[in-house]
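Fold and geometry: a report
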Amino acid sequence: MNENFWDDFAEEYDEIQAASFTTIEKDLTDFLLQAKILPQSSILDLAGGSGRYMAFFQSFTERYLLVDFSKKMIELAKKKANSKVAFLQMAQTEFFQQPQHFDLVFSAMNPALKATDLPTFNRLSKDWCCLLRVIEDSDSLFSPFEAKNPDLAINQSYKKKLDQLQISYQTKQFTYQHKEIYEKSFFHDYYQDELSSEDLAKRLNTVFGDQLTKENIHQITFEIIYYQVKGTS
């Protein structure tokens, strides 16, 4: 995914986040305050996007830098920022060459951050590192028939790399549920182009039986990996 993709997707992405049924931004902020990871003198938000977490973290620092390679994402983030926040439009690989250091280095749902990048990511920090990802995103009606998203396992690759680096870490999970009623006709229309008439009828019978509606339970779990790098380099 290149810069043009994220520029084109930025407004929709921001709207999706704003409409989320989770309260992860507030809950994560409260947890980081409780864990004494916030406040910090300086914070780096790598691949900070449209400022979802910046809007909550910025009150607990004197210097906040949000880095993202999408110009449109940064434009949206600026609308939520206070005077302590600075912005830098730059690709992650280029930013990794910058001689800057921060008390807290944070990255959430970063599509460019691989486990092999963690040594470089860690060197940006003078103290704390935090990595946030979704590790579960499933529902009771559709997920049993869908392929599992491989991105849900990225945190496991981060943990494996941290173990190799002999860096001790802790984790905290945040789970949210949302219930919604779906009609049998919607389920039919959703799968009708994918399945044969016979297979679709079997699936409808399996899920709905004689019922015309069914409750769908959507569950999302976020996990933050947090650790100190002071004295580890």
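Note that the coordinates shown come from a computational prediction; the quantities given were computed from them, not determined experimentally.

A few points about the sheet that holds strand S7 (residues 213-228)
Across the sheet, which stays open at both edges, the seven strands sit in the order S3-S2-S1-S4-S5-S7-S6 with mixed pairing between neighbours. Each end of this open sheet is capped by a strand with a single partner; those strands are strand S3 (85-89) and strand S6 (170-183). On average, adjacent strands in this sheet sit at an angle of 20° to one another, irrespective of strand direction. Where strand S4 (residues 102-108) and strand S5 (residues 125-139) come together, six bridges link them in parallel fashion. Within the sheet, the bridge partner assigned to Leu 104 lies in S5 and is Trp 128. In this fold helix H4 (residues 71-78) packs onto strand S2 (61-68) and S3, with an angle of close to 170° to the strand it touches most, S3.

Focus: the packing of helix H8 (residues 184-191) against helix H9 (residues 197-208)
It is the contact of H8 with H9, at a shortest axis distance of 11 Å, that shows an interaxial angle of 145°. For the pair H8 and H9, the sense of crossing is right-handed. Across the interface between the two elements, Lys 184, Phe 187, His 188 and Tyr 191 of H8 pack against Leu 200, Arg 203, Leu 204, Val 207 and Phe 208 of H9. Among the residues forming the contact of H8 with H9, the class breakdown is six nonpolar, one polar and two charged.

Brief notes about the pairing of S4
Counted residue by residue, S4 has seven buried out of seven residues, so it is predominantly covered. In the sheet, strand S1 (residues 40-46) pairs with S4 via three bridges, with the strands oriented parallel. Paired with Asp 45 across the two strands is Phe 106, which belongs to S4. Traced from S4 through helix H6 (residues 118-123) to S5, the parallel crossover comes out right-handed.

Conventions adopted
Residues numbered from 1 in each chain as written. Predicted model: local features only at pLDDT ≥ 70, side-chain atom pairs only at ≥ 80, totals over all residues. Heavy atoms only, no water. Pairing = 2+ DSSP bridges. Helix = DSSP H or I, 4+ residues; strand = E, 2+ residues; numbered from the N terminus. Axes fitted to C-alpha atoms, helices over the stretch in contact; angles between N-to-C directions. Contact = heavy atoms within 4.5 Å. Left-handed = near helix turned anticlockwise from the far one by under 90°. Nonpolar A, V, L, I, M, F, W, Y, C, P; charged D, E, K, R; others polar. Buried < 20%, exposed > 50% of the residue type's maximum accessible area, 1.4 Å probe, protein only. Right-handed = clockwise from strand over helix to strand, strands pointing away.

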